[in-house]
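The primary structure of each chain is shown beneath.
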Amino acid sequence: ETFRLGFSPNAENSLVKYLISKKKYSREDVLEAGLAFVGRRGLVDFFRNRLMFPLIDHRDNVVGLAGRVLDTSTSSKYINTRETLVYHKSDHVFGLNITKDAIRRENQVILVEGEIDVMSCFEHGVGNVVAVKGTALTESQVNLLSRFANKITFCFDDDKAGQEAIKRSLLVVEKKGLTPSVIVIPNGKDPDEALKKDVGAFKKAVKEEVGVYDYLLTKLVADNDI
């Protein structure tokens, strides 16, 4: 209820029919909002058989949607609303409408990669958290987050891609004059997995965040024969 999750049924055009027939929206409206595409037999729902996350800006406006696959045979685990007049992936972070007060209070924003990670952290009392929709922070996202906190703490997946995303994000974070740090995830590849295994260990890691360069140098030394 807090994150307003929903579900898209596994039907070709149930949303299209509802929006056009019942709500009297035009075909053009539905297409421009990124909710449908033109198929061989007319408009087809863009999201089908997925757990749905509304993408909501910090002013509480729904600007887009993300859908997480329920059928594992489908190729794309997540799909997002395409770029529209109101949704720009590079400007948006997930969860800020709910977590902005905690971020202000702590003067720190914890960055995770996915929607489920945000929800797991929030559920277990780590409230100052948002997810970035992509592999690195953009200038727009940093400008937005700087209005709420002076410290940006990375809690990206503990893999090579996560480390590279931190490196790519550093320049824009430091250019804005914000303090970067890292939470070293214990017992798992991402916050959701770590919290499922040991809530206490994850919360301890949050309190014992490390400097970003200490983190990157430690990884570098571990990965190479000095």
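Residues numbered from 1 in each chain as written. Predicted model: local features only at pLDDT ≥ 70, side-chain atom pairs only at ≥ 80, totals over all residues. Heavy atoms only, no water.

Draft legend 1. Spatial organisation of the pairing of strand β3 (residues 42-45). Pairing geometry for strand β2 (residues 36-39) and β3, over 4 bridges, is antiparallel. Bridge pairing links alanine 36 to aspartate 45 in β3. Where β2 hands over to β3, the hairpin turn is made up of 2 residues, counted between the paired strands. (Pairing = 2+ DSSP bridges. Helix = DSSP H or I, 4+ residues; strand = E, 2+ residues; numbered from the N terminus.)

Draft legend 2. Up close: helix α4 (residues 115-123). Turning to α4, its buried residues are Glu115, Asp117, Val118, Ser120 and Cys121. Immediately downstream of α4, the backbone of glycine 125 shows phi near 90°, a positive value. (Buried < 20%, exposed > 50% of the residue type's maximum accessible area, 1.4 Å probe, protein only.)

Draft legend 3. Broad picture of the side chain of arginine 50. Inspection of the secondary structure assignment puts arginine 50 in strand β4 (residues 50-56). Given a relative accessible area of 6%, arginine 50 falls into the buried group. Here the side chain of arginine 50 touches lysine 77 through a polar contact of 3.2 Å, landing on its backbone oxygen. (Polar contact = N/O pair within 3.5 Å; in protein donor to acceptor, adjacent residues only side chain to side chain.)

Draft legend 4. Fine view of a nonpolar patch on the surface. A contiguous nonpolar patch, built from Tyr213, Leu217 and Leu220 and spanning about 320 Å² of accessible area, is present on the exposed surface. Its place among the elements puts leucine 217 in helix α9 (residues 212-223). (Patch = residues over 30% accessible without salt bridge, like charges linked within 9 Å, V, L, I, M, F, W, Y side chains within 5 Å. Areas by Shrake-Rupley, 256 points an atom, 1.4 Å probe, with all protein chains shown as cover. Salt bridge = Lys/Arg side-chain N within 4 Å of Asp/Glu carboxyl O.)

Draft legend 5. Main features of the nonpolar core. Residues Leu111, Leu137, Leu145, Ile152 and Phe154 are the most contacted members of the largest nonpolar core, which totals 26 residues. Mapped by element, the contributors of at least two residues to this core are α3 (96-106), β8 (108-112), β9 (129-132), α5 (139-145), β10 (151-154), α6 (160-175) and α9. Counting residues per element, this core draws most heavily on α6, at 5 residues. Every residue in contact with isoleucine 152, bar those within four places of it in the chain, is listed here: Val109, Leu111, Leu137, Leu145, Val173, Leu178, Thr179, Pro180 and Ser181. In this structure, Ile110, Val126, Ala131 and Phe202 belong to the second largest nonpolar core, which totals 22 residues. (Core = buried A, V, L, I, M, F, W, Y, C linked by side-chain atoms within 4.5 Å. Contact = heavy atoms within 4.5 Å.)

Draft legend 6. Structural context of the sheet that holds β9. Here we have 6 strands laid out as an open sheet, ordered β7-β9-β8-β10-β11-β12, and mixed in their pairing. Two strands bound the open sheet, and with one partner strand each, they are β7 (93-94) and β12 (210-211).

Draft legend 7. Here's a closer look at the packing of aromatic side chains. Applying the stated criterion to the full structure yields 6 aromatic pairs. Ring centres 6.0 Å apart and planes at 20° place the aromatic pair phenylalanine 3 and phenylalanine 94 in the stacked group. Of the two residues, phenylalanine 3 sits in the segment before β1 (6-8) while phenylalanine 94 sits in strand β7, which places them 91 residues apart along the sequence. Ring centres of phenylalanine 46 and phenylalanine 47 lie 4.9 Å apart, and the angle between their planes is 90°; this geometry places the pair in the edge-to-face category. We classify phenylalanine 47 as buried; its relative accessible area is 6%. Aromatic rings pair up to connect Phe3, Phe53, Tyr78, Phe94 and Phe122 into one cluster. (Phe/Tyr/Trp six-rings, centres within 6.5 Å; stacked < 30°, edge-to-face > 60°.)

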